[in-house]
Structures are given as C-alpha cells and as structure tokens.
Amino acid sequence: MIPGFEYHPEYLSRKEQENLLGEIREMIKTNPLFQPSMPKTGKPFSVAMTSFGSHGWVSDKAGGYRYQSSHPVTKRSWLPIPEKLLSIWSDLTGYPELPECCLLNYYKDEKAKMGLHRDQDEQDFNAPVLSISLGDSALFRLGGLKRKGPTTSTKLNSGDIVILGGEARNAYHGIDHILYGSSQLLKNGGRINLTLRRVTRS
Ligand code: MD3
Ligand code: FE
C-alpha cells in the first residue's frame, strides 16, 4: 500500500451519518446534482455530482475538467461547506488551511463507477484529500503513481473516512462498483461520497 493512505473505519456514528445526510438533502434542493460529461467525447459520467465551497468541480465536453465558483446548471454560487465537515477536516488532517471544495459523488446503482484516475485539477498537491462514505458500501481501488502496477482494494462502508496525503495524494484510484442495497441509510439506496479538498495554493 502506498504511503499516506489513512483509513478510519466507522468514524461517524449512525446518528452523525443521518444528521449529515439530512443537511445534504436540504442543500441539494438549491444546489442540485448534475451529470458531468467527459472532455472531448461528451460521454456522460455514470456518477452524478455537485459541490459545496468556494470552488466546485465540473466537467463537460467543451470545457473539460475544471474548478469554478458557480453551479453549471443553476449558475448560482455553490453553498458553503457544512461546519461539521470543516471540523472533521481539522480534527483528522490537522492541515492549517480549510478545504475549498466539498465534491459530492452520487452512485445511484451497481452500474455507477469511477475508473482509475488521479486528481490533478488542483493547484495544491501538498494538502491531503479527505473522503467520507455514506450509504451503500463501495469497492475502492488504490494503485501507485503509475497507471500500470499493483492495486489494493478496500471495501468502504457508510461512516468510513479515508485520508490521502503524502505520496497517496497523487496515486491512481477509482471505484469499481457499489454493493447496491448493502446499507439502509439512503432511502432509495446508492452511495454518496464527499471529498474535501484544497484547490488553490495558499
Ligand atoms: C486518492 N472519489 O472524487 S474517494 C474523486 O469514492 C474520487 O467517490 C472516489 O476519486 C469516490 O476524485 C474515491 C477516495 C479518494 C479521493 C481522492 C483521492 C481517493 C484519492 C485523491 C488522491 C488519491
Ligand atoms: Fe479521485
């Protein structure tokens, strides 16, 4: 396993997961999920997304992968990152600056996946990335700094937190699939992943 992978299983209690989900459900009413698409081909992602914070991640055929300050559909500013998430970030990472983006990925069913990739759209690779899983479990794959080479798989369950710092920050990773129906947290099943990130260089 690449250095810098930190796994905190069952970090959030069931009650904390429910509270966080309740807050997210409210936020999604005015800061909705949208379907990003691949640069150049325009092929839609199988994962729906939205963001909170000063910087939100978007992707479309014409503009490619990027961060921007407003929602691509509503054109409004992203809502702020919930306080609870900012405290988790400070408690677990100890990083001296707060995250600028909370990217929300929604995996609706077993067909939703995220192919092996690196997160390279940020300007600051010194800051860690923190990931929170809610709802159905997922098979997370983590490799190294080259696309080829060995990978290790970890099942991420609801309430688990993963921190990718150091070398792991730039590692290849992806979600093979979720285990649809493995959690009762989301009423229609599926999985939500929240990633907290720094985007700009401070
Ligand atoms: C390793 N999300 O949003 S979270 C992503 O579960 C992303 O939705 C996956 O990959 C998900 O970009 C995996 C764990 C994660 C997040 C960011 C990373 C692992 C990472 C950045 C660098 C290395
Ligand atoms: Fe990623």
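Going by an unreviewed UniProt entry, the chain carries the name Dioxygenase and comes from Kiloniella litopenaei.

Caption draft 1: Structural view of the environment of F45. You can see F45 is positioned in the loop between α1 (14-30) and β2 (48-53). C-alpha separation for the pair F45 and P99, spaced 54 residues apart in sequence, amounts to 25 Å. With near-sequence residues (within four places) excluded, F45 lies in contact with Q35, P36, S37, M38, W57, S59 and Y65.

Caption draft 2: View of the UniProt feature "binding site: Fe cation" (unreviewed entry) in the chain. Following the UniProt record, the feature "binding site: Fe cation" (unreviewed entry) maps to H117, D119 and H173 here. These annotated residues cover 57 residues of sequence, and their C-alpha atoms all fall within 8.8 Å of one another, placing them together at a single site. Here the residues from the annotation list that line the largest pocket are H117, D119 and H173. The residues contacting H117, other than those within four sequence positions of it, are A171, Y172 and H173. Reaching out from H117, the side chain makes a polar contact with the backbone oxygen of G115 at a distance of 2.9 Å. Inspection of the secondary structure puts H173 in strand β11 (residues 173-178).

Conventions adopted
Residues numbered from 1 in each chain as written. Chains lettered and ligands numbered in written order. Predicted model: local features only at pLDDT ≥ 70, side-chain atom pairs only at ≥ 80, totals over all residues. Heavy atoms only, no water. Helix = DSSP H or I, 4+ residues; strand = E, 2+ residues; numbered from the N terminus. Contact = heavy atoms within 4.5 Å. UniProt positions renumbered as here; feature names shortened; annotations may be inferred. 1 Å grid on protein atoms, 1.4 Å probe; cavity = no way out; pocket = protein on both sides within 12 Å on 5 of 7 lines; lining within 4 Å. Polar contact = N/O pair within 3.5 Å; in protein donor to acceptor, adjacent residues only side chain to side chain.

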